[in-house]
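One letter stands for each residue in the lines below.
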Amino acid sequence: MRLLLTALAAALALLYVTLGLRFGYVTLTPTWLLNAQGQNRYVLQVYEEGQRVGYRGRCEVQSGRAVLRLLGPDGRQLAGRTCQKVGDRHEWTLHLVGGGQPGQYQLVVDFEAYSGLLDLSETRR
């Protein structure tokens, strides 16, 4: 039993150092992240001309940085926001919306040792 607990602790420590720990699913529930590293991509498919899609929500930063970018079907950046501590400010409102043409829209989130909360909801108009 001690060996199992030691292996579990070692696995969690390795995960924390390499990718960070994530509790939740970013677009479905508020997600707590600890030392998150790397990049996540979320895809929205638009079938109708003129439809607008994106994400709304908030981020609360304890440390590190998260850069959120909404990319259009052609790969151009339509909206973006950086979540990081600036002075006493550590909470940011997120409003990343774009659209107009059919295709795949992507939300790209780049984490750099990010610890905090990320709460996003998909929006369509």
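The sections below set out a description of the structure shown in this document. (Residues numbered from 1 in each chain as written. Predicted model: local features only at pLDDT ≥ 70, side-chain atom pairs only at ≥ 80, totals over all residues. Heavy atoms only, no water.)

Points about the pattern of salt bridges
Side chains that differ in charge, positive against negative, can pair when their charged atoms come close. This is how the line gets drawn: Just to be clear on terms, a salt bridge is a Lys or Arg side-chain nitrogen sitting within 4 Å of an Asp or Glu carboxyl oxygen. Helical segments are the DSSP runs of H or I of at least four residues, strand segments are the runs of E of at least two, and each set is numbered from the N terminus. Exposure categories follow from relative accessible area, calculated using a 1.4 Å probe and restricted to protein chains: below 20% of the type maximum is buried, above 50% is exposed, and the middle band is partly exposed.
Enumeration according to the criterion identifies 7 salt bridges in this entry. The closest approach of N and O atoms between E112 and R65, which form a salt bridge, is 3.1 Å. Of this pair, E112 sits in strand β6 (residues 103–124) while R65 sits in strand β3 (residues 52–71); the two residues are 47 residues apart in sequence, bridging distant segments of the chain. For D110, the salt bridge identified is with R69, shortest N-O distance 3.3 Å. One end of the pair, D110, is in strand β6; the other, R69, is in strand β3, and 41 residues separate them in sequence. You can call R69 partly exposed: its relative accessible area is 22%. Through salt bridges with shared partners, a single network forms among R58, E60, E91 and D119.

Some thoughts on the side chain of T31
Note the following rule: For this analysis, a polar contact is any N or O atom pair within 3.5 Å, provided that within protein one partner can donate a hydrogen and the other can accept it, and provided that sequence-adjacent residues contribute only side-chain to side-chain pairs.
Tracing the backbone through its elements, the reader meets T31 in strand β2 (residues 31–46). At 3.1 Å, the side chain of T31 forms a polar contact with the backbone oxygen of T29.

Quick word on the environment of R81
Convention followed: A contact between two residues is defined here by any heavy atoms of the two lying within 4.5 Å.
Relative to the assigned elements, R81 resides in strand β4 (residues 77–84). A sequence separation of 11 residues divides R81 from W92, and the C-alpha atoms of the two residues are 8.9 Å apart. The contact partners of R81, leaving out residues within four places of it in the chain, are A66, V67, L68, W92, T93, L94 and L96. Of the polar contacts made by the side chain of R81, one reaches the backbone oxygen of T93; its length is 3.4 Å.

Considerations on the pairing of β4
For a regular strand, side chains alternate in direction, first toward one face of the sheet and then toward the other. Rules: When DSSP finds two or more bridges between two strands, those strands count as paired.
Pairing between β3 and β4: 7 bridges, direction antiparallel. Paired with A66 across the strands is C83, a residue of β4. Here β3 hands over to β4 after 5 residues, with G75 in that stretch at a positive phi of 90°.

Structural notes on unusual backbone geometry
Most of the time, phi is negative for any residue but glycine, and the peptide bond is trans. For N35, which is not a glycine, the phi torsion comes out positive at approximately 55°. Considering the arrangement of structural elements, one finds N35 in strand β2. Exposure remark for N35: the relative accessible area of 14% places this residue in the buried category. Its identity is not glycine, yet A113 carries a phi of approximately 50°, on the positive side.

Geometric values such as these leave the question of function open.
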